[in-house]
Amino acid sequence: MSQNLSVVSQQIVYLNGEYIPMSESQISTQDRGFLFGDGVYEVIPVYQQKLFAWEEHLQRLKNSLAAVSIPNPLTDDAWLDLLNTLIAKHPWQDQFVYLQVTRGIQMQRDHLPADCLTPTIYAYTNPLKPVDAKILTQGIQVVTLEDIRWLRCDIKAIALLPNVLMKLAAKHQGADDAILVGRDGTISEGSASNVVIVKNGELLTPPNSHKLLPGVTRIVIERVAASHQLSFVERELTLQDLQSADEIWLTSSTKEALPVTLLDGVKVGSGVPGPVWNRMRDHYQQYKAQFVSGLV
Ligand code: PMP
C-alpha cells in the first residue's frame, strides 16, 4: 500500500461495526454529531503499531461519554480490538488514531435527545509524522488569546468551533498557535494542547479542572519527569507566569512537547528551545522506545 496519504481510497475506516474504504464511508445527515456537535472523541498515538498510553485514553473516553450521558457502546476489550484491527490494516509503523462517538441518528430535530439512540462509532487512522526538524531547533510562535470556550473543557467534545476560531486568530496574527487565558485571568491550555512552563528548573502546569482537557501527554510527561528527578508541580498560572517563564511547552499526543520560543512577539528565555525541553525530549524518546519494547 502506498505511503502517500493522498491515496485516501486505500484507507480503511471503522464505522458502526464495519471496516470499509474511507471513500465509501457515509453517515446520516441526521446524525446528532453532524447537526449538534453532539459527541466526543479521542486521538491516540501509535508507535510501531502499538497504541500508546491506551488505558489513559480509554479512561478519558469513558469519562467524556459519561459526562455527556452517551452510553458507552463497547466493552474495554472491544474498544481495544476495534482499534488494533484498524491499525493492522495500515502499513504505517507510527500512526494516530481518531475515534469518535456521537449520540446517534435522530430523524426529528430536537435539542433534547430521544431515548434509546444508538451511538455512531467512527474511527480512522493516519500516519504519524515526526515533528518538523525546524520546529525542534527553532520552536514555535504563540500568541495569547482570551479563552472563549464553555466551562466543560475537561470533556473531549467534538464541538471544536471555538478552538478552530482561536487557531485561525493565531494564524491571522502570524503565530503558529494560541495559549488561552481564561476570564479569571488564569492560563487554561493551548488551542489543542496543554501548557507546561519551566521556571527555575521546575515544571509547572495548571491543575486539571473544568477549564482544560486532562491531557494524556501531560500525564506521560509527569511520569517521565518523576523518573528523572524533575519536579512537576500543578498550580494556577497567570499571564505574568508565562511572560517570566524560562521555557514554555505545548504538549499533545501527536506533537509530544513543542517548545514555544516567541510569546506575543517576545522571546521566551533566550529565544531557542530550552535545556529542560531538550532533556525532556530525550527522556520522552527513551520512554517511547521502552514502551515499544514492552518495558513500560
Ligand atoms: N487540550 C486540548 C484542547 C486538546 O485538544 C488536546 C489534544 N489535542 C490536549 C489538550 C492534549 O491532550 P493529549 O495530550 O491527550 O493529546
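Each chain has its residues counted from 1, running along the sequence as written. Note on the predicted model: pLDDT of at least 70 is required for a residue's local features to be given, and 80 or more for side-chain atom pairs to be given and counted; whole-chain, interface and lining totals, by contrast, use all residues. Working from all heavy atoms in the structure, the side-chain values ignore hydrogens and water.

A. View of the site of the ligand. By convention in these notes, a residue is near a molecule or strand provided one of its non-hydrogen atoms lies within 4 Å of it. Near the ligand you find 15 residues, and of these Arg60, Glu189, Val216, Thr217 and Ser253 are the closest. Within the side chain of Glu189, an N or O atom sits 2.6 Å from a nitrogen atom of the ligand. Secondary structure elements with two or more residues in the shell around the ligand: α6 (216–227) and β13 (247–252). Here a polar contact is taken to be a pair of N or O atoms separated by no more than 3.5 Å, where protein atoms must pair a possible hydrogen donor with a possible acceptor and residues adjacent in sequence count only if both atoms sit in side chains. Only DSSP runs of H or I with at least four residues qualify as helices, and only runs of E with at least two residues qualify as strands; both kinds are numbered from the N terminus onward.

B. Here's a closer look at helix α5 (residues 161–172). Every helix has an expected span of 1.5 Å times one less than the residues it contains. Taking 1.5 Å per residue as the helical rise, α5 with its twelve residues ought to reach 16 Å, and the 16 Å between its terminal C-alpha atoms agrees with that figure. Burial classes: relative accessible area under 20% of the type maximum marks a residue as buried, over 50% as exposed, and values in between as partly exposed (1.4 Å probe, protein chains only). Turning to α5, its buried residues are Asn163, Met166 and Ala170. In an axial view of α5, the angular spread of the buried residues amounts to 65°, which keeps them on one side of the axis. Exposed side chains of α5 directed beyond 90 degrees from the buried face belong to Leu161, Lys171 and His172. Elements in contact with the buried residues of α5: β7 (140–146) and β8 (177–181). Phi for Gly174, located one or two positions after α5, is positive at around 80°. This arc is taken over the directions from the axis of the helix to the C-beta atoms. Whether two residues touch is decided by their heavy atoms; if any such pair falls within 4.5 Å, the residues are in contact.

C. Region of the structure containing the sheet that holds strand β5 (residues 95–102). In spatial order, the strands read β2-β1-β6-β5-β3-β4; together these six strands make up an open sheet with antiparallel pairing. A strand with exactly one partner marks an edge of an open sheet, and here the two such strands are β2 (18–21) and β4 (50–51). In the packing of helix α2 (residues 54–67) onto the sheet, the strands contacted are β3 (39–47), β4 and β5, and the crossing angle to β3 comes to about 175°. Strand pairing is defined by DSSP finding a minimum of two bridges between the two strands. Where helices are involved, their axes are fitted lines through C-alpha atoms of the stretch in contact, as for all axes, and angles between N-to-C directions lie from 0 to 180°.

D. Focus on the domain arrangement of the protein. Reported domain spans reflect what an automatic or database domain assignment gives. Looking at the protein, the domain boundaries give domain 1 (3–127) and domain 2 (133–292). Buried surface at the junction of domain 1 and domain 2, summed over both partners, amounts to about 1,900 Å²; 70% is from carbon and sulfur atoms. Buried area counts how much accessible surface, traced with a 1.4 Å probe, disappears from two parts once they are put together, with both parts' losses summed. The largest per-residue losses of area from domain 1 upon contact with domain 2 belong to Tyr41, Phe52 and Arg60, which jointly make up 34% of the total buried on that side. Between Lys or Arg on one side and Asp or Glu on the other, a salt bridge is scored when a side-chain nitrogen of the former is within 4 Å of a carboxyl oxygen of the latter. Summed over the shared surface of domain 1 and domain 2, the result is one salt bridge. Between Glu56 and Arg223 there is a salt bridge, with the nearest N and O atoms lying 2.7 Å from each other. Inspection of the region where domain 1 meets domain 2 yields seven residue pairs in polar contact (both at pLDDT 80 or more). Of all the secondary-structure elements, those providing two or more residues to the side of domain 1 that touches domain 2 are β3, β4, α2 and β5.

E. The arrangement of the pattern of salt bridges in detail. Within the structure shown, the criterion is met by 15 salt bridges. With a shortest N-O distance of 2.5 Å, Lys288 and Glu256 are connected by a salt bridge. Here Lys288 is found in helix α8 (residues 275–292), whereas its partner Glu256 is found in strand β14 (residues 256–263), with 32 residues between them in sequence. With a relative accessible area of 10%, Glu256 lands in the buried category. Several salt bridges share partner residues, and in doing so they unite Arg32, Asp38 and Arg103 into one network.

F. Structural detail: the side chain of Thr120. Tracing the backbone shows Thr120 in strand β6 (residues 120–127). Non-local contacts of Thr120, meaning those with residues more than four positions away in its chain, are made with Leu15, Asn16, Ile27, Asp31, Gln100, Val101, Thr102 and Gly104.

G. Main features of the packing of α6 against α8. Look at α6 against α8: their axes get within 10 Å of each other, and the N-to-C directions meet at 100°. In terms of orientation, α6 lies roughly perpendicular with respect to α8. Side by side, α6 and α8 meet where Thr217, Val220, Ile221, Arg223, Val224 and Ala225 of the first sit next to Met280, His283, Tyr284 and Tyr287 of the second. Roughly parallel here means an angle under 35 degrees, roughly antiparallel means over 145, roughly perpendicular means 65 to 115, and every remaining angle is called oblique.

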